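This is what each chain is made of:
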Amino acid sequence: MKLRDYTENRKFTDCTRLELFNALLRYVADAAKARGYNEGRKKVYYISAEFLIGKLLSNNLINLGLYGEVRDELAAEGIALSELEEFELEPSLGNGGLGRLAACFLDSLATLGLPADGLGLAYHCGLFRQSFVDRQQTEAPDHWLKWGQESWMRRTDVHYDIPFGDFTARSTLYEIDVTGYQGKCGRLRLFDVDTADERLIKSGIGFDARDVARGLTLFLYPDDSTEQGRLLRVYQEYFMVANAARLILDECVARGSDLHDLADYVAIQINDTHPTLVIPELIRLLQERGIGEDEAVSIVRSVCAYTNHTILAEALEKWPRAYLEKVAPQLMPVIDRLDARVRAKYDDPFVQIIDEQGNVRMANLDIHFTHSVNGVAKLHTEILKNSELAPFYAIYPEKFNNKTNGITFRRWLMSCNPALAARIDDAIGAGWRRDSAELEKLLAHIDDAALLTSLAEIKRANKRRFADWLRGHQGTVIDPDSVFDVQSKRLHEYKRQQLNLLWCVRTLLDIRAGILPESPVTVIFGAKAAPAYTIAKDIIHAILCLSDVIDADPAARRHLRIAMVENYNVSAAEKLIPACDISEQISLASKEASGTGNMKFMLNGAVTLGTLDGANVEIAELVGPENIYTFGLSSEAVINSYARGDYDPAAYLEADPRLKAALDFLVCDEMRTMGDAARLERLHAELQNKDWFMTFPDFADYCATKARMLADLGDEAAWARKALVNIAMAGYFSSDRTIADYDRDIWQVGSAR
Ligand code: NBG
């Protein structure tokens, strides 16, 4: 079959874009189907609240080996494949790194031939679509399923009746095929509730969260600043895992399990705490099917494993028992008995399932009742073991293990940066495409002047391409000849976009005082703030105001510009990452579990400016000190400082007048005329009085390190060498390696085939 067969033999130029896109989608979907699924007795079910899969067209074409053929077939009639790529809407099923990691994992699971499905929810409007109005983030529903456009998502006839305390919800299962690179497929399987109704949405993303039947699957992470919103999250979580548990048991039985031997048929990965209730739900269902409680507990423990993705206390969910009694009353007795089991063995209040206030702690359920607890980077796992979860580590040292995150090189190099991928092929052959460790062969070419020149040229071309895209996307004009200094990730105080912001202010003040940066810089931000996270939205506001203050100053804007990408998502990342010179990974040490953007940037030849946090530590070990710029407090110093509780922002402001000037600029008249005084003042006060994520202690070192970096950028050949080393050493961060590690240590699905 050819694409032509899907347009009823009409010329492509006679088709509308919609017809052509639909034809292409059907063609690719059929090609994927023809590959078949990875199958075996034992299967991985990766349960996650988020799957940030991105657009699928070009990725599937690459994985199916059809990219060149389709591109040429279309080009022969004057149609650019990229036009159709732009036409596709990006699925809105995730938020940040957690969801993108899940998507990379599905790609690698399929590629490695492991039988595996992702299980989650089919959110109608996903997270939200971000736009900037009056220099503030506003949120609108992200209708990623558009009328008329074929979707990768198919409806199945799998349904379950999910019993909530107050009503029974009927579900439908939808599926999206996940193509493996040169291999068979896996699946992303998403449940929706049949009664969902988008008309419930009122203004923006507001809706009546009390109407659970209609509102259940409208949005990912409904606003949890209200009790109704928090309850709805529990409804969502139970709905997700109740469906998942039924599907898993049905399928294992169909594959031959008698349930006693469930561990031979399934490995369940609990991605962060959102799917935790699968534990008591499975125990309950096994008991319903005649298995005794002791055995049910031990079966569930042997099939389930838990990944922790954060040490921020607020993200370790705990739900009041009253919520669980309302949402899933049948679960509470199971949870109470699990709690009793723990109490019978351990006195430490820290490790109990139910705390003194009657909250059920999800992570504690996970740690006691799964067989594996993993962190997502070496440092993160050490912090879990030695500080955050130390009492658990004392009980279960054998459960704790590390699985440093990874990214799929199909999307994050082959698809998003084809020129670089092709140039790598020229230098070392195409073996790296299957075995990422082969990228290290590039090190032998460190003095290859022609290669270094082409790296610089490819970067320049990518910067031009990004600048063009940004102009089309939102009308923002940036200079592709300036340094692209990029910080793109969720907006969160611990990630410290505010540190970068203060650097921008200081640099503006320097320029006005006649001290110019070594080269013109464009600081590019991409970030969404959770709708109820006020300070995060204040930071976005301050960035957007400052950007306009600089634009209004012709002398300053020759040296410094700030651009913030509207509605940053996977598609924007695919354009931005290949264009980046400086990769900002500046979280407060100890707070970023891993980061995966850091890996994508290095793979595309950017050099990291970062703290020794998360996977930055491993990047630094791999590339060596000449090829990364690190600064700031160590994680140990930060942890100790929190323990002492003696951090005093005022001391830093007193000691560093330039820091003080930068901070105060946030509320100066120029900024106030641009923006909302209340927002700016709140941010100013927050930093001045609290600065919970210790921006100030790292400020001077950050500025000095960035200045050094900008100076080094002037030597193009030396810089290209750094880029080359970063690309060469990125092989370790392939999600194929990560998934092979999970399988070897936790799932043992490959060996069961
Ligand atoms: C995020 C961490 C990142 C990490 C990803 C994937 C959550 C809760 N955690 O550091 O902040 O890279 O998970 O593991 O989104």
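Above: the structure in question.
Just so it is clear, the model here is predicted, and its values are computed rather than measured.

(A) Region of interest: unusual backbone geometry. Positive phi outside glycine occurs at Glu-8, with the angle close to 50 degrees. Within the secondary structure, Glu-8 is located in the segment before helix H1 (17–35). By relative accessible area, Glu-8 is classed as exposed at 64%. With a phi angle near 65 degrees, Asp-272 is a residue other than glycine that sits in the positive phi range. By the element assignment, Asp-272 lies in the loop between strand S9 (266–271) and helix H8 (278–288).

(B) Structural context of the environment of Glu-83. Within the secondary structure layout, Glu-83 lies in helix H4 (residues 81–87). Note on Glu-83: relative accessible area 36%, which makes it partly exposed. Spatially, the C-alpha atoms of Glu-83 and Tyr-393 are 52 Å apart, while their sequence positions differ by 310 residues.

(C) Representation of the packing of H8 against helix H11 (residues 332–345) within the structure. With their axes 9 Å apart at the nearest point, H8 and H11 run at an angle of 105 degrees to one another. Relative to H11, H8 is oriented roughly perpendicular. Taking contact as the criterion, the partners of Pro-280, Ile-283, Arg-284 and Gln-287 in H8 are, on H11, Val-334, Ile-335, Arg-337 and Leu-338. Of the residues contributing to the contact of H8 with H11, the split by class is five nonpolar, one polar and two charged.

(D) Region of interest: helix H13 (residues 378–388). Among the residues of H13, Leu-379, His-380, Thr-381, Ile-383, Leu-384 and Lys-385 are the ones counted as buried. Buried residues along H13 sit in contact with strand S13 (373–375), helix H14 (390–395), strand S14 (400–402), helix H23 (616–623) and helix H24 (635–644).

(E) Quick look at the pairing of strand S1 (residues 43–47). With five of its five residues buried, S1 lies for the most part within the structure. Of the two faces of S1, the one lined by Lys-43, Tyr-45 and Ile-47 and the one lined by Val-44 and Tyr-46 are each fully buried. Bridge count between S1 and S9: five bridges; the pairing is parallel. Residue Ile-47 lies in a different strand from S9, and its bridge partner there is Ile-270.

(F) Structural detail: the pattern of salt bridges. What the rule picks out here adds up to 65 salt bridges. Salt-bridge contacts for Asp-224 lead to Arg-233; the nearest nitrogen and oxygen are separated by 3.6 Å. Two residues, Lys-441 and Glu-438, come together in a salt bridge whose shortest N-O distance is 3.3 Å. Given the relative accessible area of 43%, Lys-441 is considered partly exposed. Several salt bridges share partner residues, and in doing so they unite Lys-43, Asp-117, Arg-154, Glu-175, Asp-177, Arg-187, Arg-189 and Glu-251 into one network.

(G) Quick look at the packing of aromatic side chains. Tallying each qualifying case throughout the model produces 21 aromatic pairs. Taking the centre distance of 6.4 Å and the plane angle of 55 degrees together, the rings of Tyr-160 and Phe-191 count as tilted. Here Phe-191 lies in strand S8 (residues 185–193) and Tyr-160 lies in the loop between strand S5 (154–155) and strand S6 (161–163), a separation of 31 residues in the sequence. Judged by relative accessible area, which is 11%, Tyr-160 ranks as buried. Summarising the aromatic geometry, the rings of Phe-350 and Phe-392 are spaced 5.8 Å apart at their centres and angled 55 degrees between planes, so their arrangement reads as tilted. With Phe-350 in the loop between H11 and strand S12 (359–361) and Phe-392 in helix H14, this residue pair connects regions lying 42 residues apart in the sequence. Phe-392 gets classed as buried once you look at its relative accessible area, which sits at 1%. Through a chain of ring-to-ring contacts, three or more aromatic side chains come together here, namely Phe-164, Phe-167, Tyr-235, Tyr-238 and Phe-239. Residue placement shows Arg-41 over the ring face of Tyr-265; its charged tip is 5.7 Å from the ring centre. Sitting over the ring of Phe-128, Lys-528 keeps its end group 5.4 Å from the ring centre.

(H) Layout of empty space enclosed by the protein. Evaluation of the coordinates by the stated rule reveals seven cavities of 30 Å³ or more. The volume enclosed by the largest cavity comes to roughly 160 Å³. As for the largest cavity, its lining consists of 16 residues, and the residues nearest its centre are Leu-56, Ala-103, Asp-107, Val-178 and Arg-411. Elements represented by at least two residues in the lining of the largest cavity include exactly helix H2 (57–63), helix H5 (97–111) and strand S7 (168–179). Of the residues that constitute the lining of the largest cavity, the class distribution is seven nonpolar, five polar and four charged. Roughly 130 Å³ of internal volume is contained in the second largest cavity. Lining the second largest cavity are 15 residues, and of these Leu-89, Trp-144, Glu-150, Ser-151 and Trp-152 sit closest to its centre.

(I) Representation of the nonpolar core within the structure. Counting residues in each nonpolar core, the largest one holds 148 residues, and the members touching the most others are Tyr-238 and Trp-747. Among the elements that take part in this core, helix H7 (residues 227–255) stands out by supplying 15 residues, more than any other. Beyond its immediate chain neighbours, meaning those up to four positions away, Trp-747 contacts Lys-42, Val-44, Tyr-46, Leu-109, Ala-267, Gln-269, Ile-739 and Tyr-742. In this structure, Phe-466, Ala-573, Met-602 and Met-729 belong to the second largest nonpolar core, which totals 59 residues.

(J) Here's a closer look at helix H19 (residues 534–551). In a regular helix each residue adds 1.5 Å, so 18 residues correspond to 26 Å; H19 covers 26 Å between its end C-alpha atoms and thus fits that length. Counting buried positions along H19 gives 15 out of 18 residues, so the element sits mostly inside the fold.

(K) Summary view of the layout of surface pockets. Taken as a whole, the second largest pocket spans an internal volume of roughly 710 Å³. Around the second largest pocket sit 26 residues that line it, and Ser-58, Tyr-67, Glu-85, Ser-415 and Pro-418 are the ones nearest its centre. Within the residue set of the lining of the second largest pocket, elements represented by two or more residues are H2, helix H3 (67–75), H4, helix H15 (409–415), helix H16 (418–428) and helix H21 (570–576). Of the residues forming the lining of the second largest pocket, the biggest block, four residues, is contributed by H4. Split into classes, the residues belonging to the lining of the second largest pocket amount to eleven nonpolar, five polar and ten charged.

The rules behind these values
- Residues numbered from 1 in each chain as written.
- Predicted model: local features only at pLDDT ≥ 70, side-chain atom pairs only at ≥ 80, totals over all residues.
- Heavy atoms only, no water.
- Helix = DSSP H or I, 4+ residues; strand = E, 2+ residues; numbered from the N terminus.
- Buried < 20%, exposed > 50% of the residue type's maximum accessible area, 1.4 Å probe, protein only.
- Axes fitted to C-alpha atoms, helices over the stretch in contact; angles between N-to-C directions.
- Parallel < 35°, antiparallel > 145°, perpendicular 65-115°, else oblique.
- Contact = heavy atoms within 4.5 Å.
- Nonpolar A, V, L, I, M, F, W, Y, C, P; charged D, E, K, R; others polar.
- Pairing = 2+ DSSP bridges.
- Salt bridge = Lys/Arg side-chain N within 4 Å of Asp/Glu carboxyl O.
- Phe/Tyr/Trp six-rings, centres within 6.5 Å; stacked < 30°, edge-to-face > 60°.
- Lys NZ or Arg CZ within 6 Å of the ring centre and 35° of its normal.
- 1 Å grid on protein atoms, 1.4 Å probe; cavity = no way out; pocket = protein on both sides within 12 Å on 5 of 7 lines; lining within 4 Å.
- Points joined across faces, edges and corners; volume = space filled by probe spheres on them.
- Core = buried A, V, L, I, M, F, W, Y, C linked by side-chain atoms within 4.5 Å.
- Expected span 1.5 Å × (residues − 1).

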